[in-house]
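Spelled out, the chains give:
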Amino acid sequence: MHDLITVKDLTKVYTMGDVEVHALHGVSLTIHQGEMVAIMGPSGSGKSTLMNIIGCLDQPTGGTYQLDGVNVADLSDNQLASIRNQKIGFVFQQYMLLQRTSALRNVELPMLYGGKGGNRRERAQAALAAVGMAERMHHKPNELSGGQQQRVAIARALVNEPRIIMADEPTGALDTRTGEEIMGIFQKLNRDGITIILVTHEHDVAQHAERIISVRDGVIAGDEPVKARTIVPQGGSQGGQSPP
Ligand SMILES: Nc1ncnc2c1ncn2[C@@H]1O[C@H](COP(=O)(O)OP(=O)(O)O)[C@@H](O)[C@H]1O
Ligand SMILES: [Mg+2]
């Protein structure tokens, strides 16, 4: 399998005045193209810090990071931004949609910052259709449920055709059943070949991945394949449109 992400001895120290917080203490791991991985651990263990570094949103204090054969430490801020745009789609717990803006416009926005070419409107519509939101694309976020807003956020993450989707607690604000639907979407995207890396502190959510990396106090405490993986059935809750 192709090594997509390789980090070695990663450390991260946050400095606030004269206080230093050592968030990562030497993390090494490899994630292959096409994997679906959950990063698990209690609050404060360093999950988001690790995710932000892997997602090229932040640089480590020490260690090395190779993304798709490129040494990330060598990149300028502009190059980092361009890698993020081309290769990585982000999904967050709080959806991060623009409130006064339709689902369709929200999904079109990342294409304005230099994604792939082609017809923006059509591609946004296709991304929304892929997450079961074709019929609500003209709705604004406050006219949508939490689960529907997260679907729009996933469409926005998809629209530049990234190879990797990173999701930080994507089901954290959703009820169990809606969270399950969202995990079904990630599983479908993963079957389509997208590498999925999700952060969660919930065991049941992590069981949807094929591998669980456990983080504790800034170090890797475990890295195991999921034995009895939860698969969300196709067509069931996964399609996403509620009946009229
Ligand atoms: N921007 C920051 N500035 C200072 N400390 C931070 C910052 N981000 C995270 N931390 C600290 O780093 C540690 C790990 O945080 P984080 O990666 O957010 O953990 P998790 O996502 O697992 O809850 C915590 O002690 C947290 O308080
Ligand atoms: Mg976090």
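Quick note: structure is the one above.
Attention in this report is confined to the structure presented alongside it. (Residues numbered from 1 in each chain as written. Chains lettered and ligands numbered in written order. Predicted model: local features only at pLDDT ≥ 70, side-chain atom pairs only at ≥ 80, totals over all residues. Heavy atoms only, no water.)

## Notes on the overall build of the protein
Note the threshold: Numbered from the N terminus, helices here are DSSP runs of H or I no shorter than four residues, and strands are runs of E no shorter than two. It is over C-alpha atoms that the radius of gyration is taken, and the globule rule equals 2.2 Å times the number of residues to the power 0.38. Type-normalised accessible area, obtained with a 1.4 Å probe on protein chains alone, sets the label of each residue: buried when under 20%, exposed when over 50%, and partly exposed for intermediate values. In these tables, accessible area is a Shrake-Rupley quantity obtained with a 1.4 Å probe, and a residue counts as shielded only by the protein chains included in the view. When charges are counted, neither His nor the chain ends are considered; positive counts come from Lys and Arg and negative counts from Asp and Glu. We put the charge of a Lys on NZ, of an Arg on CZ, of an Asp on CG and of a Glu on CD.
In terms of helices and strands, the protein carries 7 helices and 10 strands. Taken against the 2.2 N^0.38 rule, which gives 18 Å for 244 residues, the C-alpha radius of gyration of the protein at 18 Å falls within 12% of a compact globule. Taken along its principal axes, the extent of the C-alpha atoms in the protein is 55 × 40 × 40 Å. Within the protein, buried positions represent 50% of all 244 residues. Total accessible area on the protein stands at roughly 11,400 Å², and carbon and sulfur atoms take up 50% of it. Distance between charge centres in the protein, computed from 23 positive and 26 negative side chains, equals 7 Å.

## Let's talk about the sheet that holds strand β2 (residues 19–32)
Note the threshold: Paired strands, in this sense, are two strands between which DSSP finds at least two bridges. By definition in these notes, contact holds between two residues if any of their heavy atoms fall within 4.5 Å. Angles here are taken between N-to-C directions and fall from 0 to 180 degrees, while the axes themselves are lines fitted to C-alpha atoms, restricted in helices to the stretch in contact.
One open sheet accounts for 4 strands, arranged β2-β1-β4-β5; its pairing is antiparallel. The sheet is open, and its two edges are formed by β2 and β5 (70–71), each paired on a single side. Bridge count for strand β4 (residues 62–67) against β5 is 2 bridges, and the pairing is antiparallel. Paired with Gln66 across the strands is Asn71, a residue of β5. Seen against the sheet, helix α1 (residues 47–54) touches β1 (3–16), β2 and β4 and runs at an angle of roughly 120 degrees to β1.

## Observations concerning the packing of aromatic side chains
Each aromatic ring pair is characterised by the separation of its centres together with the angle its planes make. Formally: Geometry of aromatic contacts follows a simple scheme: Phe, Tyr and Trp rings, the Trp one being its six-membered ring, pair when their centres are within 6.5 Å, and the pair is stacked under 30 degrees between planes, edge-to-face over 60, tilted otherwise.
A complete count under the given rule lists 1 aromatic pair for this structure. Aromatic pair Phe90 and Phe92: ring centres 6.1 Å apart, planes at 10 degrees, arrangement stacked. Classification of Phe90 as buried rests on a relative accessible area of 16%.

## Brief notes about the environment of Val199
Mapped onto the secondary structure, Val199 falls in strand β8 (residues 195–200). A relative accessible area of 0% means that Val199 is categorised as buried. Between the C-alpha atom of Val199 and that of Glu181, which follows or precedes it by 18 residues, the distance is 17 Å.

## A word on the side chain of Lys47
To be explicit about the condition: Side-chain atoms alone can form a polar contact between residues adjacent in sequence; in general such a contact is a pair of N or O atoms within 3.5 Å, and within protein one must be able to donate a hydrogen while the other accepts it.
Mapped onto the fold, Lys47 is located in helix α1. A polar atom in the side chain of Lys47 sits 3.0 Å from the backbone oxygen of Pro42. Apart from the residues lying within four places of it in its own chain, the contact partners of Lys47 are Ile39, Met40, Gly41, Pro42, Glu169, Val199 and Thr200.

Fair warning: the whole summary comes from geometry, so function is off the table for now.
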